[in-house]
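Residues per chain are reported as follows:
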Amino acid sequence: MILAVDIGGSKLAAGRFEDGVLVEHYIDRQEQTTMVGNVYLGRVQNVLPSMEAAFVDIGKGRNAVLYAGEVNWEAQGVGNGQARRIENALSSGDSVLVQVTKDPVGHKGARLTTQISLAGRFLVYVPGGAMNGISRKLPDTERARLKRILKEVVPADAGVIVRTAAEGASEEELRADVERLMKMW
């Protein structure tokens, strides 16, 4: 059962109950908009090797910042033998697919990553990822069951991180989560 309540001041609270127990809750504040999680095709404005950062125009008025530690080196073509330095991966004018990890604050622009991930109910989908991970909070028997299911459900060109919420989830529920996130991607 899902229950939604208007709690005033342009706020909405919602919860999902199973057997009379609250298992998920959400609070939506309309006055608070966030860019976190949004994916943009940005254009590199400038690269600052001394900062190990690139400033990227994502169309929001203020340039966002992409630090070297958030670069997916393989996707940017930095391979074996090449130093993992921001200037080897990006240059002014390059188009780059990025995801916002932190909203802009004050005069600072949003923080970005090129390591895209899409969160679902039971797992996090990582397009182009090669690894699958399962929450360590789950018992070994459940981890083994989920690992077997993932082999059938996750495409070869993607990775997933399975959340603790996946405990007891059926193969159909996991497949639906993966398929929804794949369509979103």
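Residues numbered from 1 in each chain as written. Predicted model: local features only at pLDDT ≥ 70, side-chain atom pairs only at ≥ 80, totals over all residues. Heavy atoms only, no water.

(A) Inspection of the overall build of the protein at higher detail. Counting secondary structure elements, the protein contains three helices and 12 strands. Dimensions along the principal axes, computed over C-alpha positions, put the protein at roughly 55 × 45 × 25 Å. For the protein, the residues scored as buried account for 34% of the 185 residues in total. Here the contacts in the protein between residues at least 6 apart in sequence split such that 53% fall between residues at least 24 apart. (Helix = DSSP H or I, 4+ residues; strand = E, 2+ residues; numbered from the N terminus. Buried < 20%, exposed > 50% of the residue type's maximum accessible area, 1.4 Å probe, protein only. Contact = heavy atoms within 4.5 Å.)

(B) Up close: the pattern of salt bridges. The tally for this structure, following the rule as stated, stands at five salt bridges. In this structure, glutamate 87 engages arginine 85 in a salt bridge whose closest nitrogen and oxygen atoms are separated by 2.9 Å. For aspartate 177, the salt bridge identified is with arginine 180, shortest N-O distance 3.2 Å. Residue aspartate 177 and its partner arginine 180 are located together in helix H3 (residues 171-184), separated by three residues, close to a single helical turn. Accessibility expressed as a relative area gives 5% for aspartate 177, which makes it buried. (Salt bridge = Lys/Arg side-chain N within 4 Å of Asp/Glu carboxyl O.)

(C) Region of the structure containing unusual backbone geometry. Located in the positive-phi region is glutamate 52, a residue other than glycine, with phi close to 55°. Structurally, the position occupied by glutamate 52 is in the loop between strand E4 (39-48) and strand E5 (53-57).

(D) Region of the structure containing the packing of helix H2 (residues 140-153) against H3. The contact between H2 and H3 brings their axes to 10 Å, and the two run at 45°. Between H2 and H3, the angle is such that the two are oblique. The crossing of H2 and H3 is right-handed. Residues Leu146, Ile149, Glu152 and Val153 of H2 lie in contact with H3, whose contacting residues are Glu171, Leu174, Arg175 and Val178. Broken down by class, the residue content of the contact of H2 with H3 amounts to five nonpolar, no polar and three charged. (Axes fitted to C-alpha atoms, helices over the stretch in contact; angles between N-to-C directions. Parallel < 35°, antiparallel > 145°, perpendicular 65-115°, else oblique. Left-handed = near helix turned anticlockwise from the far one by under 90°. Nonpolar A, V, L, I, M, F, W, Y, C, P; charged D, E, K, R; others polar.)

(E) Inspection of the layout of surface pockets at higher detail. What the largest pocket holds in volume is close to 240 Å³. Val65, Tyr67, Lys108, Gly109 and Arg111 are, among the 14 residues lining the largest pocket, the residues nearest its centre. Partitioned by chemical class, the residues of the lining of the largest pocket number six nonpolar, three polar and five charged. (1 Å grid on protein atoms, 1.4 Å probe; cavity = no way out; pocket = protein on both sides within 12 Å on 5 of 7 lines; lining within 4 Å. Points joined across faces, edges and corners; volume = space filled by probe spheres on them.)

In short, geometric facts, not functional conclusions.
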